[in-house]
Each structure stands twice: as C-alpha cells, then as structure tokens.
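Working through the structure, step by step
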Amino acid sequence: VAEKVVIIGSGPAGWSAAIYAARANLEPIIFEGALSNENQVQLTLPLGQLALRFDVENYPGFPSGFLSAFLDSAIDEERRKYMFRQDEKHSISGPELMELMRQQAKNFGVRVVTDDVVKVNFKLRQLKVKPRDENWLETETVILAPGSKVNSLGLASEETFKNRGVTYCVVSDATLPRFRNQPFVVVGGGDSAMEDALFLTQFASKVFLVHRRDSFRASKTLVERTLASDKVQVMYNQNLHEILGDEDGVSKVKLRNTLDDSITELPTAGVDISIGYVPNTAFLKGQVKMNEEGFIKWKTPFRTHTSVPGVFAAGDAADNYYRQAVTAAGTGCMAALDAERYLAQQN
Ligand code: NAP
C-alpha cells in the first residue's frame, strides 16, 4: 500500500508539515535524516540548521523566561535526558525549539524514521522515495523539506585545518579550552556571522570579523550589538586568502584586500566560516525543477506545488530569500494543506 504523505527533512518546515498532515488524518511518515558520521561532518544531522543556533529570539511564542520547567514537562524524558541544560531563565535555543516541534509531531502520531532519503523517482505515475536503509517506498504525495547546509570557501588550507581550528559551527566547536582567551576570526557579513562573533566574545581574547565588503547584509540590531563589543574588530573589504598553522592547529590567517590586493596577517587560534548556505537538493537532481543554485522551484508564487504533480516543497530548500525558521514553518504548513487538497482532488 502506498503512503499518503512522505515528508523529507526535519527542520521547522518538515515538522510543521507533519503536524498539519497528521491532524488531517493523512498519517504522514517523516524521514528526519540519519545520525551518521557523514551528516555530522556536513552539519546535516536531524533537526536542521536551527539546531545549530543558540538563542532563537525571533520565533514567536517563545519569549525568554523560565523555559526549563516547560521543557521538562513537554519533552519525552528519553530525549530530554540528552539535551544540554541551560540556566533556568533563558531564551529558547535552536535544539530546544526543534525538540519541541518534533515532540508536537509525535504527539499527533507522526511516524518518525531516523534515516536519509537518498533517491527519489518522480518519473512514474506512482511517486517513489528510497531511504538509505530500507526498500523503495511508494507514496501519493511527497513534501520536500530537506533544508540547506553551510557553505565553504573552497580554500585548500580550509580543508587542511577542518576540525583543527576551522569551524562552521562555533556553538559546538569553539567552546573548547584551547580557544579560551585566544583571538578568533569570523568570516562573513550576514546574521550568522554577527551571532557567531557575539557568541565568541564570551571566550575569545579578540574577534576579527572579516567581511568582503564595507557594509553588512545582517540586520541592523545584530550589527549594532556586534560593533558595540570592544572585543570585535571588523576587517572590511577583506577576503580570507590562506589559513596557516601546524599539527596543533591554526595559528594565523592571511587576508587579501579586495580594493588593492594588499595582504594582512592576523594571529588566530580559530576560523569560523559563516558565509551562508546551499540547499540539500543534490538527491533531487533531474527529478524536480530547480534554479541554477539548486533551490527547488515553486510553480506559482505562494503555492508550494513543484514541477511534479503531488510533490510539494517547503522551507529553505525552496526559499533563497527569507530563510527564517518562522517562514520555513509557514511554508511547511502550506505544503501540507496543498498535499491535502491534491489528495482530495485525486480521490
Ligand atoms: P547570508 O545572509 O547569506 O550571508 C552570507 C554572508 O557571507 C554575506 O555577508 C556574504 O557577503 C558572505 N559571503 C558569501 N560568500 C562568501 C565568500 N565566498 N567569501 C566571503 N564572504 C562570503 O547567510 P547567513 O548569515 O548564514 O544567514 C542565512 C539566513 O539565515 C539569512 O536569511 C539570515 O537572516 C538568517 N539568520 C537569521 C538570524 C536571526 O535572525 N537571528 C540568525 C542567523 C541567520 P555579501 O554580503 O558580500 O554577499
């Protein structure tokens, strides 16, 4: 028997789609991704990019406050046990918000599979998806919510020092003792780079924020807060040119000025690369229409229908413009409603 709704991805779009589909009695199954080494290295573990962010201050419904007691009461003990404990009074963190979404879906009976979908076949009348560890699954509709992963600069030295000072996720990597009271370099000019720089001011002796232009893409409030820290020094109009060090890790970086090509050296123990995201859509190549950057195309603006009947797309993988948790959750809801209407028309 074919599934009615298969959801691929476990960020805000995936869980929101799952909650809506379950409440419409469509008995959805969600592939949340595998807990594999490969996903760990690529930072594509279940629960998506938001699970890599610390304070989530802009998701409505979660003002900072006494959230720990709420989390204790809402999340299954089994998973709560493994969650990092914060001070009693705090802003909701990315992992906490994602666990709440997952729990909410489970409460409505959503079947959660901890595996990746590695292939799809949308060419036949019957849609099919292939999990890594299971056989092909037939389904009447698919909601694609695979999200995105961090971008890299593509430097050879970046590869050399990966996990030895080069990081794409300061929350998990930069709190190690060897980075305490050392200088740290952050590359990027968006919200993520600002948040990372601010986070690092708690541990680092100095934070160099390296940006390729002279103005920031990040929101005004975040820029103001970042620039207000006397630990942060902005290096405008600079590209990261090379990362240097030895077996112990990174010791300095070379920057190249975008205006006059001059080279500057900075001492640093770590390099955080925070230059945006690419969609996780390689497994969909040739199956559904995408733009040149690999973002899934919606057939009509504000409708989640893709080029394939019965296949809907939500979240960051279909949105290279807003890319917010709340907009991803919104499009996840839209995709579930679109799938529900599609199924009603078919039957
Ligand atoms: P982003 O907004 O795409 O910014 C990427 C930054 O990296 C840009 O400043 C860009 O420079 C720079 N960059 C890109 N490629 C580069 C390269 N090859 N070399 C040097 N610099 C490069 O990405 P993001 O900051 O990760 O944010 C992603 C989305 O999440 C955004 O929509 C953001 O608003 C959202 N977000 C929101 C929050 C929040 O609201 N609290 C927090 C984190 C993220 P240019 O500016 O020159 O293009």
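Here, the structure is the one placed above.
The present account deals with the structure reproduced in this document. Residue numbering note: each chain is counted from 1, following its sequence as written. The model is predicted, so local features are restricted to residues of pLDDT at least 70 and side-chain atom pairs to those at 80 or more, both for listing and for counting; the totals for chains, interfaces and linings are taken over all residues. Here the side-chain values reflect all heavy atoms present in the structure, with hydrogen atoms and water set aside.

1. Points about the pattern of salt bridges
What makes a salt bridge here is a side-chain nitrogen of Lys or Arg within 4 Å of a carboxyl oxygen of Asp or Glu, nothing more. Counted by the stated rule, this structure contains 12 salt bridges. Note that Glu-27 and Lys-4 form a salt bridge whose closest N and O atoms lie 3.4 Å from each other. Taken together, the residues span a long stretch of sequence, with Glu-27 in the loop between helix H1 (12-23) and strand E2 (29-31) and Lys-4 in strand E1 (residues 3-8) at a distance of 23 residues. The buried label goes to any residue with under 20% of its type's maximum accessible area, the exposed label to any with over 50%, and the partly exposed label to all in between, with areas taken from a 1.4 Å probe on protein chains only. Under the relative-accessibility criterion, Lys-4 is labelled partly exposed at 29%. Counting from the N terminus, the helices are DSSP H or I runs at least four residues long and the strands are E runs at least two residues long.

2. A closer look at the nonpolar core
Grouping buried Ala, Val, Leu, Ile, Met, Phe, Trp, Tyr and Cys residues that are joined through side-chain atoms within 4.5 Å yields what is termed a nonpolar core. Judged by nonpolar contacts, the single largest core of 39 residues is most densely connected at Ile-7, Trp-15, Tyr-59, Ile-92, Leu-97 and Ile-143. Taken together, the elements giving at least two residues each to this core come down to E1, H1, helix H3 (67-74), helix H5 (94-107) and helix H10 (325-346). Looking at this core, the element that brings in the most residues is H10, giving eight residues.

3. Regarding a positive patch on the surface
A patch consists of residues whose relative accessible area exceeds 30% and which take part in no salt bridge; residues with like charges are grouped when within 9 Å of each other, and nonpolar side chains (Val, Leu, Ile, Met, Phe, Trp, Tyr) when within 5 Å. Computed by Shrake-Rupley with a 1.4 Å probe, the accessible areas treat only the displayed protein chains as cover when residues are assessed. Residues scored as charged are limited to Lys and Arg (positive) and Asp and Glu (negative), so that His and the chain ends carry no count. Note on charges: their place is set at NZ of Lys, CZ of Arg, CG of Asp or CD of Glu. Taken together, the side chains of Arg-212, Arg-213, Arg-217 and Arg-323 define a basic patch exposed on the protein surface. By secondary structure assignment, the location of Arg-323 is in the loop between strand E19 (311-313) and H10. The exposure class assigned to Arg-323 is partly exposed, which follows from its relative accessible area of 37%.

4. Section: the environment of Gly-33
Secondary-structure assignment places Gly-33 in the loop between E2 and helix H2 (37-42). The spacing of Gly-33 and Leu-209 is 176 residues in sequence and 33 Å in space, taken between C-alpha atoms. Contact partners of Gly-33, with chain neighbours within four places excluded, come to Pro-46, Val-113, Thr-114, Asp-115 and Asp-116. Whether two residues are in contact is decided by their heavy atoms, any of which lying within 4.5 Å being enough.

5. Observations regarding the pairing of strand E17 (residues 270-273)
Side chains Gly-270 and Asp-272 of E17 all project onto a buried face; the interleaved residues Val-271 and Ile-273 project onto the opposite face, where all are buried too. Summarising the sheet, strand E10 (residues 166-167) and E17 pair through two bridges and their orientation is parallel. In the strand pairing of E17, Val-166 is matched with Val-271. Any two strands between which DSSP finds at least two bridges are classified as paired. As paired elements, strand E11 (residues 183-187) and E17 share four bridges and run parallel to each other. Counted as the bridge partner of Val-185 is Val-271 from E17.

6. Some thoughts on the site of the ligand
Close to the ligand lie 20 residues; Asn-58, Asp-191, Ser-192, Arg-213 and Arg-217 are nearest. The contact in question runs from an oxygen atom of the ligand to an N or O atom on the side chain of Asn-58, over 2.8 Å. N or O atoms closer than or at 3.5 Å make up a polar contact, with two conditions inside protein: a donor-capable atom paired with an acceptor-capable one, and, for residues adjacent in sequence, both atoms drawn from side chains. Taking Gln-324, its side chain carries an N or O atom lying 3.1 Å from an oxygen atom of the ligand. Against a free-state accessible area of 920 Å², the protein chains account for coverage of 81% of the ligand. Note on terminology: near, applied to a residue and a molecule or strand, indicates that one of the residue's heavy atoms is within 4 Å of it.

7. Observations regarding the side chain of Arg-102
Summarising the element assignment, Arg-102 is placed in helix H5. A residue is classified by how much of its surface remains accessible, and Arg-102, at 7% relative accessible area, is buried. Within the local environment of Arg-102, its side chain forms a polar contact with the side chain of Glu-32, the two groups lying 3.0 Å apart. Among all residues touching Arg-102, those that are not within four sequence positions of it are Trp-15, Glu-32, Leu-47, Arg-79 and Val-112.

8. A few points about helix H9 (residues 220-227)
For H9, the set of buried residues is Leu-222, Val-223 and Thr-226. All buried residues of H9 lie within an arc of 100 degrees about the axis, which places them on one face of the element. Turned more than 90 degrees off the buried face of H9, the exposed positions are Lys-220 and Thr-221. Next to the buried residues of H9 lie helix H8 (191-200), strand E12 (206-210) and strand E13 (232-235). To obtain the arc, one takes the directions from the helix axis to the C-beta atoms.

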